[in-house]
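Here is what each chain is made of, one letter per residue.
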Amino acid sequence: MAELTISKRQIHWQNGLKHLLLILLCVFAIFPIYWMVISSFKGQTEIFNNSLLPSSFSADNYAYALEQVDILGMTVNTFFMAISQAVLQLATAIMAAYALTRWKFPGSRVIYTLFALTWLVPIQATMIPNYTTLVNMGFRDSIVGVIIPNMASAFAILSLYPAFKSFPKALIEAGMMDKMSAPGVLFKLILPNIKSSVVSLGILLFINSWNEYFWPAMIVSDQGQATLQIGLRSFMSAELTSWGPLMAAAVLASLPILILYLLLQKQVIQSFVKWGIK
Amino acid sequence: MSEIALSALPDLSGVAVRQQSAAKRILKRLTPFLFVAPALILVLFWVYRPLVQTFGLSIQMWNMNPNVEPVNVGLQNFQYIFTHPDFFQAVWNTFLYILLMLPFSVILPMAIAIATNRLSSRAKNIYRAIFFLPMIMPPVACSAVWRWLMHPINGLFNHLLTSMGVVEEGVRFLSDENWVLLSIVLIAGWKMIGFSTLMFSAGLTGIDPSYYEAASVDGHKKWRQTLTITLPLLSPTIMLMLMMSVLMTAQWTFAYIDVLTQGGPAGASTNVYYLLWTYGFKNFNSGLSSAAAVVFFIGFGILALIFTRINRKVAFYDN
């Protein structure tokens, strides 16, 4: 009996330590984001006093940032880019994964290997030829020029591949008995059954595209076509130490992602853990 | 009525198959290719074509002006990069980046995941939601807030350090060559640590608890269980995160380098991929950039090959 109470107390103590460890990790992770948000609401007199809470919430920084930079226009651009990329990458990946898992055809293994090996090719090893190609096509300073090289993602194909592979062959054969066409099997049979995988991959592709820095930084320098990442960067170099407005702009650039996370936080975490990172 | 229709179906389809025209058969043969074509063509055009072109550009001199023809220079570009210190500085920095990143992407996350394993509480989900957050934050927004936190005069870190008397003058985290690499690692590591912890936690939940029960019955101490059960069964996750860190750290740090330091001061924070960018789009020397790209592509390719070899030997799968 005495032993039992000791071990119980020990478990309590251990659980307390576990919580402490996780709370420390949380503080480390959240603090810069918290600092960004509260600073964006601090007035000019308060911004340098390093207090953890503003004495009053002011929207001045937001008003200034919105006046200086076309954040709304950039948000529209970024949404356009991120949604197009996510949808196109999903569409091409669904078709490719379907073809590779449903049929054995000459070259299918080579094609799979070609997709699988792309992750060894860093974007910087292809940037000069791709850049000159896009410039020749007339896509300099255009959001379309950012989307075009990213319409297919080998990462998306390889992520969907197992979901397609594990779809029961017997059901496909039954569908063929019902005279279903090849697209019919895909749309009416397979996709409804692996919907959750497709959606969670879609979320991941959207977030990745929203946060993409490298390619937009190369293609769009023009303000009218800039994405939030690029606009925020030029705001940073223009307003070297206007920390308040800068934090306000940073909050606005992250807001859609934060809202998405607030709503679908479990799915977002799950899709990152499931698919990993590029 | 419907039963009759069903039983009649196979016969009808049999007739249909026999009467299939040659065109239809060809279409059937082509179907898989039609489905795979969009992705395949795009990947060939935007990944493999430019990769081959980069190999070609590596033996040419070109300023990326479309009106100027590239000139063949043989191995001169390779000779240049191997005889200039900026190449070796970038390689050495990348090695440091990878090494310093490991605590954030492998060591600490693994320790935290093991230490907090089987903490059954609802609070766990809240913790996860919070410490995962940096992973999805836009990199430029993160750069903005970190630049302020690290600002030499009015940043919070230096405010704390000076008021505690640790330093007399603010540390120039992002412009002092002794600090800049560490600072970039801290930012990139801050982004990774929560995600990595989750990856290791996910790896741990896959471990059958009966192993621990058996070990406890045998009187094995906790640390010994960690050593003999947890680590071997976690080895696939360890290898995965290790490989990701080695191959991707130069990529993860890229945006912060570009936004916060441009590789400086004096190249102290540059890395291999940033060097390619500098050669290409700052010096407009596509030959140097491509030659370095070829070297790094082959180098990382060999590393990846070694990793998959080791992985096959070391990683222990609980089948």
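Definitions and cut-offs
Residues numbered from 1 in each chain as written. Chains lettered and ligands numbered in written order. Predicted model: local features only at pLDDT ≥ 70, side-chain atom pairs only at ≥ 80, totals over all residues. Helix = DSSP H or I, 4+ residues; strand = E, 2+ residues; numbered from the N terminus. Rg over C-alpha atoms; globule rule 2.2 N^0.38 Å. Buried ≥ 20, exposed ≤ 12 C-beta atoms within 10 Å, placed from the backbone. Contact = placed C-beta atoms within 7 Å. Nonpolar A, V, L, I, M, F, W, Y, C, P; charged D, E, K, R; others polar. Domains from an automatic or database assignment. Core = buried A, V, L, I, M, F, W, Y, C linked by C-beta atoms within 7 Å. Axes fitted to C-alpha atoms, helices over the stretch in contact; angles between N-to-C directions. Left-handed = near helix turned anticlockwise from the far one by under 90°. pLDDT = per-residue confidence, 0-100. Expected span 1.5 Å × (residues − 1). Bend = angle between axes of the 7 residues up to and from the residue.

1. Brief notes about the overall build of chain B
The helix and strand inventory of chain B stands at 13 helices and 2 strands. Its C-alpha atoms give chain B a radius of gyration of 28 Å, clearly above 20 Å, the size a compact globule of 319 residues would have. The principal-axis extent of the C-alpha atoms belonging to chain B is close to 95 × 75 × 40 Å. Counting over 319 residues, chain B shows a buried share of 38%. Here the contacts in chain B between residues at least 6 apart in sequence split such that 69% fall between residues at least 24 apart.

2. Points about the overall build of chain A
Helix and strand content of chain A: 13 helices and 0 strands. For chain A, the sequential pattern of α-helices and β-strands runs α-α-α-α-α-α-α-α-α-α-α-α-α. Here the C-alpha atoms of chain A give a radius of gyration of 24 Å, more than 25% beyond the 19 Å that 2.2 N^0.38 yields for 278 residues. Counting only C-alpha atoms and orienting by the principal axes, one finds that chain A spans roughly 80 × 75 × 35 Å. Sequence separation of at least 24 residues holds for 75% of the intrachain contacts in chain A that already meet a minimum separation of 6.

3. Some remarks on the interface of chain A and chain B
One frequently used descriptor of interface size is the decrease in accessible area upon assembly of the parts. Contact with chain A, which involves 72 residues of that partner, is made by 72 residues of chain B. A breakdown of the residues in the side of chain A that touches chain B according to their chemical character gives 55 nonpolar, 14 polar and 3 charged.

4. Details of the domain arrangement of chain A
Residue and element names in this part refer to chain A. Looking at the assigned domains, one finds that chain A contains domain 1 (2-61) and domain 2 (69-275). The straight-line distance from the C-alpha centre of domain 1 to that of domain 2 is 33 Å. Looking at which element gives the most residues to the side of domain 1 that touches domain 2, the answer is helix 1 (residues 2-40), with 4 residues. Looking at the side of domain 1 that touches domain 2 residue by residue, the classes come out as 3 nonpolar, 4 polar and 1 charged.

5. So, the environment of Gln251(B)
Residue and element names in this part refer to chain B. In this structure, Gln251 sits in helix 10 (residues 222-252). For Gln251, a count of 19 C-beta atoms within 10 Å corresponds to the partly exposed category. A C-alpha to C-alpha distance of 12 Å links Gln251 and Leu276, two positions 25 residues apart in sequence.

6. Side note on the nonpolar core
Ala96(A), Ala249(A) and Ala250(A) are the most contacted members of the largest nonpolar core, which has 157 residues in total. For this core, the leading source of residues is helix 13 (residues 243-275) of chain A, giving 15 residues. Two domains share this core, each providing at least three of its residues, namely domain 1 (2-61) and domain 2 (69-275) of chain A. Residue contacts for Ala96(A): discarding those within four places in its chain leaves Ile157(A), Phe35(B), Val36(B), Ala39(B) and Leu40(B).

7. A few points about the packing of helix 4 (residues 85-115) of chain B against helix 8 (residues 180-205) of chain B
Packed helices, taken two at a time, are described by the angle their axes make and the gap between the axes. Residues and elements named next belong to chain B. The interhelical angle for the contact between helix 4 and helix 8, taken along N-to-C directions, is 35°, at an axis separation of 7 Å. For the element pair helix 4 and helix 8, the recorded crossing hand is right-handed. Residues belonging to the contact of helix 4 with helix 8 are distributed by class as follows: 20 nonpolar, 6 polar and no charged.

8. A few points about the confidence of the model for chain B
Residue and element names in this part refer to chain B. For chain B, mean pLDDT is 88; residues scoring 70 or higher make up 93% of the total. Predicted confidence for residues 1-10 stays below pLDDT 50, and this span has 0 contacts to residues more than four positions away or in other chains. Prediction confidence for the complex, expressed as pTM and ipTM, is 0.90 and 0.90 respectively.

9. Considering the confidence of the model for chain A
In the predicted model, chain A carries a mean pLDDT of 89, and 96% of its residues have values of at least 70. Taken element by element, chain A is modelled with least confidence in helix 1 of chain A, mean pLDDT 84, and with most confidence in helix 3 (residues 71-102) of chain A, mean pLDDT 95.

10. Things to note about the environment of Ala188(B)
Residue and element names in this part refer to chain B. Among the secondary structure elements, Ala188 is positioned in helix 8. In sequence terms Ala188 and Asn283 are 95 residues apart; their C-alpha atoms lie 27 Å from each other. What Ala188 contacts, discounting residues up to four positions off in sequence, is Met101, Trp252, Thr253 and Tyr256.

11. Examining helix 13 of chain A
Since there are 3.6 residues in each turn of an α-helix, residues three or four apart along the chain are aligned in direction. Residue and element names in this part refer to chain A. Helix length check: helix 13 (33 residues) gives 36 Å between terminal C-alpha atoms against 48 Å at 1.5 Å per residue, more than 12% under. Of all the bends in helix 13, the largest measures some 100° and sits at Leu264. Count one or two residues on from helix 13 and you reach Gly276, which has phi positive near 75°.

12. Comments concerning unusual backbone geometry
A negative phi holds for most residues other than glycine; trans holds for most peptide bonds. For the bond from Gly264(B) to Pro265(B), the omega torsion is -5°, close enough to zero to count as cis. Residue position: Pro265(B) is located in the loop between helix 11 (254-261) and helix 12 (272-282). A positive phi angle, near 55°, is found at Asn50(A), a position not held by glycine. Topologically, Asn50(A) is positioned in the loop between helix 1 and helix 2 (60-68). Of note in this structure, Gln262(B) is not a glycine but carries a positive phi near 50°. Relative to the helices and strands, Gln262(B) resides in the loop between helix 11 and helix 12.

13. Notes on the environment of Tyr34(A)
By the element assignment, Tyr34(A) lies in helix 1. The sequence separation of Tyr34(A) and Ile230(A) amounts to 196 residues, and the corresponding C-alpha distance is 23 Å.

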